[in-house]
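Letter by letter, the chains look like this.
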Amino acid sequence: MNCRGLGLGATGLARAPGTPGPTTLKPPRGDSYALRAMVDSSPVFIARSSEIGLLDAAFVRASAGQPSLVVVGGEAGIGKTRLLEELEARLRDRALILVGHCVPAHGDHAPYAPFAELFRDLGDQLDPDRLATVLGPARRELANVVPELGPAPGRIGRDESAETRMASRARLFELFLGIATRLQAVRPVVAAIEDLQLADEASLSLLSYLVREVREGRLLLVVTVRADELADDDRALAVLGDLERTRRVERIDLGRFSRADLLALIEAITGAPPAVELVDRVLERSDGNPLFAEELLAAERRGGPAAVSPVLGDLLRARLGTVSQATRNVLRVASLVGSEIDDELVATVAGVPAGDVVAALREATERGLLVRSARAPVRYAFRHRLLQEATEAELLPGERRRLHAACAEALERTGRAAIVSGEIARHWLTAERPDRALPAAVVAGLEAERRYAFADARHGFELAFEISETVPVPSWPPGLDRVELLQRAADAAVLAGDPIAAVDLARRALRELGQAADTRRQATIHERLRWYLWESGDHEGAEAALE
């Protein structure tokens, strides 16, 4: 819970003798706060203007006596907690703000955990007389849930009847309702419950009760949830569905940051406009997830462009740990096959029956690790590029080489080998077989050239040139040499709209050719260089090349 700066007094909770002492105030909260606190977070609130506007409007309605419930959904790290922090900053002087967290259900975990947290530190905000008024007759019985309130009256014995147990729970719910009602008389209340996907059954039941029964009053209830982590049969999903059918409930789904949002985020953290390459790199690896972007930026500033911070690595491994071992094994193979997951290819490479692969992909999709591919709905893709990287990182070096080679061979046996030759080259390279990667890279360049995909063609030819440095001449495709690869890459570059790169590639081709080479071939390259220089705006250089 967090109730800072509310101006309601801070004399401490009057505790009965023998009860625990004051609770140490916790840092702000949520699904990602502990992670964000360890990185260079943005000092300013980025994007989300429409979302914070919806919360502001809900608070205005609540302040006028119309209780409201807002459900904020989104994946881990998307900014749910940051949104709540911004709301708290805006309302700090106008509302009593209480926050409770749902926690993973373990054997030693107490029920009603978020509600216990909501009320635990009220004494730090209310003077003793006002606290006594708010708690009223509920204080002693609620000590079963919040021990700081005083000695508990004792729990129901195992021999109590089911009717007695139900009546006792109903009374407990009514006591919570009474406190909520009396709190609103002090000032408007904003109560937030974070990570509903982790909520215990008792907390879910109490939440449903309060939403149904609080029909008037100055209460705004905000619930955050990672809906992508809820299975179809999850109790929290059913409760959310029931809540969202009421007229007083609004839903906010936080999407990923755009490139412009990420640029603003990086500039806010670094204090200077970032390089285009940095923004592109962070966007590609984070997929627009702001927490991932902050972690990647922090890791890159310490360890280079490919670095991943330990905190982010732990988060990714925790996500992977939500599926069975059989599914995790299939995902390791799936992480190799490319940006889109072909279940038949995965089954072939993994040596697993197709039905088992489909079942594994379905489980991973239900747990939010995979999504349906936007380009090919019959295929899957990892929800985040970083999840794919983390999954592949679990493979041992020899296992990774063997599986990449198996992927390349499986793709070569298909009728689409020419179309996917770029992927084949990548697999052979990772398998440390440059002799097999070279012809695939050449085919990738030629195929892209034939389809007028000039940027892809340039990439294929440049890749082939780089590979050629380690491949013996007898392994080369017929009719091609290193100079020809550079010439074709230069043509592709200028046709893709990058004449400056084309100039550089042509000059590299001249150096590769050497001074004692065929003058006719030299003249041909100079003539092409004339074209590239002219397109780049260097007309004098173009005339010199023509001479």
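Since the structure is predicted, the reported quantities are computational estimates derived from the model, not experimental observations.

What to know about the confidence of the model for the protein chain
- When pLDDT is averaged across the protein chain, the result is 81; 83% of the residues are at 70 or more.
- Note on residues 1–39: pLDDT is under 50 here. Beyond four places in sequence and across chains, it has 109 contacts.
- Low pLDDT, under 50, characterises residues 156–161; the predicted model gives this stretch five contacts beyond four residues in sequence or across chains.

Here's the deal with the packing of aromatic side chains
- Enumeration according to the criterion identifies six aromatic pairs in this entry.
- Their ring planes at 45° and their centres at 5.4 Å tell us that Phe173 and Tyr209 sit as a pair that is tilted. Of this pair, Phe173 sits in helix α7 (residues 162–186) while Tyr209 is found in helix α8 (residues 201–213), placing the two residues 36 residues apart along the sequence. A single burial state applies to Phe173 and to Tyr209, both of which are buried.
- For the pair Tyr452 and Phe454, a centre-to-centre distance of 6.3 Å together with 65° between the ring planes defines the contact as edge-to-face.
- Every member of this aromatic cluster is reached through a ring pair, and the members are Tyr112, Phe115, Phe173, Phe176 and Tyr209.
- Over the aromatic face of Phe465 sits the side chain of Arg482, whose NZ or CZ is 4.1 Å from the ring centroid.

Observations regarding the environment of Ser63
- Here Ser63 shows up in helix α2 (residues 49–63).
- Through-space distance from the C-alpha of Ser63 to that of Gln184 is 9.4 Å; in sequence the pair is 121 residues apart.
- Excluding its chain neighbours within four sequence positions, the residues that come into contact with Ser63 are Pro188 and Arg218.

What counts, and where the lines are drawn
- Residues numbered from 1 in each chain as written.
- Predicted model: local features only at pLDDT ≥ 70, side-chain atom pairs only at ≥ 80, totals over all residues.
- Heavy atoms only, no water.
- pLDDT = per-residue confidence, 0-100.
- Contact = heavy atoms within 4.5 Å.
- Phe/Tyr/Trp six-rings, centres within 6.5 Å; stacked < 30°, edge-to-face > 60°.
- Helix = DSSP H or I, 4+ residues; strand = E, 2+ residues; numbered from the N terminus.
- Buried < 20%, exposed > 50% of the residue type's maximum accessible area, 1.4 Å probe, protein only.
- Lys NZ or Arg CZ within 6 Å of the ring centre and 35° of its normal.

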